[in-house]
Amino acid sequence: MLKSYQNLVMLQNLYRLKALGFTYSDPFMTNRPTAVQELPHDLSTLHEFISQCHLCDLSKSRQQSMPGSGDLSADLMIIDAYVSTTEDATNSYYAGKSGESLAKMVENVLRLRREDVFMTHAVKCKPLGTNKPSSSEFSCCKPYLYRQIEMIRPKVVMTLGEEAYKLLSGDDTDFEHVRGQKINFGDYTIIPIYHPQFLLRNPSLKGETLNDLKTIKSALS
């Protein structure tokens, strides 16, 4: 009886506020972690979720959230750590000199078309300013990333640089010990390589990356 009375009082107050000109919208939750099991099992629907995500503060500063691009049943999945300023501004996954370099790796060395691989980021939005994403920001994106891998079922996951590898695997092993190696992680294989941006600053390492790409090509065949 008390509960019914409380509901009546609350309803009366709402009508009184409405008469004064207040309007209402459906509530939405922010900063609420999403469990993998709560996510859709359809990639198109999942990517709509990602595009409209407001789970962390990066949603306030981004141009858009970037779910990924390419073949949804690709044998090769490429994962970068987070969206760059250029990618965010252009909504392109192969933007700038770094993106051009990555495209050449895919097309000229792996002999694949860009549309034949799936490219995404561990953190789906551009970090604020020049900051790196926080662990809590990645925690919001992690279920999205794991669901993508689960549904795409790639033969190989190629991670770009140390940050992407550590975000995906949680492995703190020295990057030089894992780069270019086939690493079993669940039901798929990770092969980390140097980030294209790092290679632009350190061109002497391109030979080592070429060998790593040959390892990836062999694993795909």
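Refer to the structure printed above.
A brief structural summary.

What counts and how
- Residues numbered from 1 in each chain as written.
- Predicted model: local features only at pLDDT ≥ 70, side-chain atom pairs only at ≥ 80, totals over all residues.
- Heavy atoms only, no water.
- Helix = DSSP H or I, 4+ residues; strand = E, 2+ residues; numbered from the N terminus.
- Contact = heavy atoms within 4.5 Å.
- Buried < 20%, exposed > 50% of the residue type's maximum accessible area, 1.4 Å probe, protein only.
- Pairing = 2+ DSSP bridges.
- Axes fitted to C-alpha atoms, helices over the stretch in contact; angles between N-to-C directions.

1. A look at the environment of alanine 81
Mapped onto the elements, alanine 81 comes out in strand S2 (residues 76-82). Between the alpha carbons of alanine 81 and leucine 167 there is a distance of 7.2 Å; along the sequence they are 86 residues apart. Residues within four places of alanine 81 in sequence aside, it is in contact with His121, Ala122, Val123, Glu163, Ala164 and Leu167.

2. Overview of the pairing of strand S4 (residues 156-160)
In terms of burial, S4 is largely enclosed, as five of its five residues are buried. Here S4 shows a buried face lined by Val156, Met158 and Leu160 and a second buried face lined by Val157 and Thr159.

3. A closer look at the sheet that holds strand S5 (residues 183-185)
Read from one edge of the open sheet, six strands run S1-S3-S2-S4-S6-S5, paired in mixed fashion. At either end of the open sheet lies a strand with only one pairing partner, and these are strand S1 (69-70) and S5. In this structure, S5 lies alongside strand S6 (residues 188-193), joined through three bridges in antiparallel fashion. The residue of S6 that forms the bridge with isoleucine 183 is isoleucine 190. Each of S2, strand S3 (118-123), S4, S5 and S6 is contacted by helix H6 (residues 161-169), which is oriented at about 130 degrees to S4, the strand it contacts most. Here helix H9 (residues 206-220) sits on the sheet and contacts S2, S4 and S6; the angle it forms with S6, its principal contact strand, is near 165 degrees.

4. Comments concerning the pairing of S3
Where burial is concerned, most of S3 is hidden: six out of the six residues are buried. In this sheet, S3 lies alongside S1 in antiparallel orientation, the contact comprising two bridges. Residue pairing for S3: serine 69 is matched across the bridge by methionine 119.

Note that every value here comes from positions in space, so none of it alone points to a role or purpose.
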